[in-house]
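Spelled out, the chains give:
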Amino acid sequence: AIKRNGDNEKAMHVHQTALICTLYGNSPGFKVSEHVVKGGEFTQCLVAEVHKTRNAMVCLADIMTETSKALKKKTNEEQTCWIEGDPECGKIVFMKKEKK
């Protein structure tokens, strides 16, 4: 979100259309296995990779690369992972926020 009306803390926050992307993982003709709570195999691999790298400075592209490897291993099938959206999203570094 971005602020309007300067740095005023009470300024209205609005969503910005930049830096929006969608992450995908699947293979044509492959039936997706879903867990009621944990989600599909792609989601499980993605969440596990984010948790694994939570204390490191890792960009989204690297997370997706490792997710792809984990998905192929989990399913024993050739799987494809990709990102659609703003290309700058692949460069974003995710890092755990320190608690105050």
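For the structure, see preceding data.
Conventions adopted
- Residues numbered from 1 in each chain as written.
- Predicted model: local features only at pLDDT ≥ 70, side-chain atom pairs only at ≥ 80, totals over all residues.
- Heavy atoms only, no water.
- Helix = DSSP H or I, 4+ residues; strand = E, 2+ residues; numbered from the N terminus.
- Buried < 20%, exposed > 50% of the residue type's maximum accessible area, 1.4 Å probe, protein only.
- Contact = heavy atoms within 4.5 Å.
- Polar contact = N/O pair within 3.5 Å; in protein donor to acceptor, adjacent residues only side chain to side chain.
- Core = buried A, V, L, I, M, F, W, Y, C linked by side-chain atoms within 4.5 Å.
- Phe/Tyr/Trp six-rings, centres within 6.5 Å; stacked < 30°, edge-to-face > 60°.
- Salt bridge = Lys/Arg side-chain N within 4 Å of Asp/Glu carboxyl O.
- Expected span 1.5 Å × (residues − 1).
- Arc of directions from axis to C-beta.

Trainee: Looking at this structure, how should I read the environment of Trp 82?
Mentor: By the secondary structure assignment, Trp 82 is in strand β7 (residues 80-85). Look at Trp 82 and you get partly exposed, because its relative accessible area is 33%. With 57 residues separating them in the primary sequence, Trp 82 and Gly 25 have C-alpha atoms 6.5 Å apart. Sequence-distant contacts of Trp 82, defined by excluding residues within four places in its chain, comprise Thr 22, Leu 23, Tyr 24, Gly 25, Asn 26 and Met 64. Of note is the side chain of Trp 82, whose polar atom sits 3.4 Å from the side chain of Glu 84.

Trainee: Got a minute to help me understand the nonpolar core in this structure?
Mentor: Nonpolar side chains in soluble globular proteins tend to be buried together. Listed in full, the ten residues of the largest apolar core are Phe 42, Cys 45, Leu 46, Val 58, Leu 60, Ile 63, Met 64, Leu 71, Cys 81 and Cys 89. Contributing elements (two or more residues each) for this core: α1 (41-52) and α2 (60-75). Among the elements that line this core, the one with the most residues is α2, at four residues. Among residues more than four places away in sequence, those in contact with Met 64 are Leu 23, Tyr 24, Phe 42, Leu 46, Cys 81, Trp 82 and Ile 83.

Trainee: Looking at this model, I keep getting lost on the packing of aromatic side chains. Mind explaining?
Mentor: Here the distance between the centres and the angle between the planes together describe a pair of aromatic rings. A full pass over the atoms with the stated rule returns one aromatic pair. Centroid distance Tyr 24 to Trp 82: 5.2 Å. Interplanar angle 20 degrees. Geometry classified as stacked. With Tyr 24 in strand β3 (residues 21-26) and Trp 82 in strand β7, the pair connects residues that are 58 residues apart, well separated along the chain. On the basis of relative accessible area, Tyr 24 is assigned to the partly exposed category, the value being 33%.

Trainee: Which parts of the structure should I look at to understand the pattern of salt bridges?
Mentor: Close approach of charged atoms allows side chains with opposite charge to pair. Applying the stated criterion across every chain, the model contains two salt bridges. Put simply, Glu 49 and Lys 52 hold a salt bridge, and the shortest N to O gap is 3.1 Å. One end of the pair, Glu 49, and the other, Lys 52, are both in helix α1, three residues apart, so they sit about a helical turn from each other.

Trainee: I keep staring at α1 and nothing clicks. Help me out?
Mentor: Residues separated by three or four positions in an α-helix point in the same direction, a consequence of the helix having 3.6 residues per turn. Compared with the 16 Å implied by 1.5 Å per residue over twelve residues, the 16 Å span of α1 between its first and last C-alpha is a close match. Buried within α1 are the following residues: Glu 41, Phe 42, Cys 45, Leu 46 and Glu 49. Across the axial projection of α1, the buried residues extend over an arc of 130 degrees, all falling on one side. Buried residues in α1 make contact with β3, β5 (39-40), α2 and β7.

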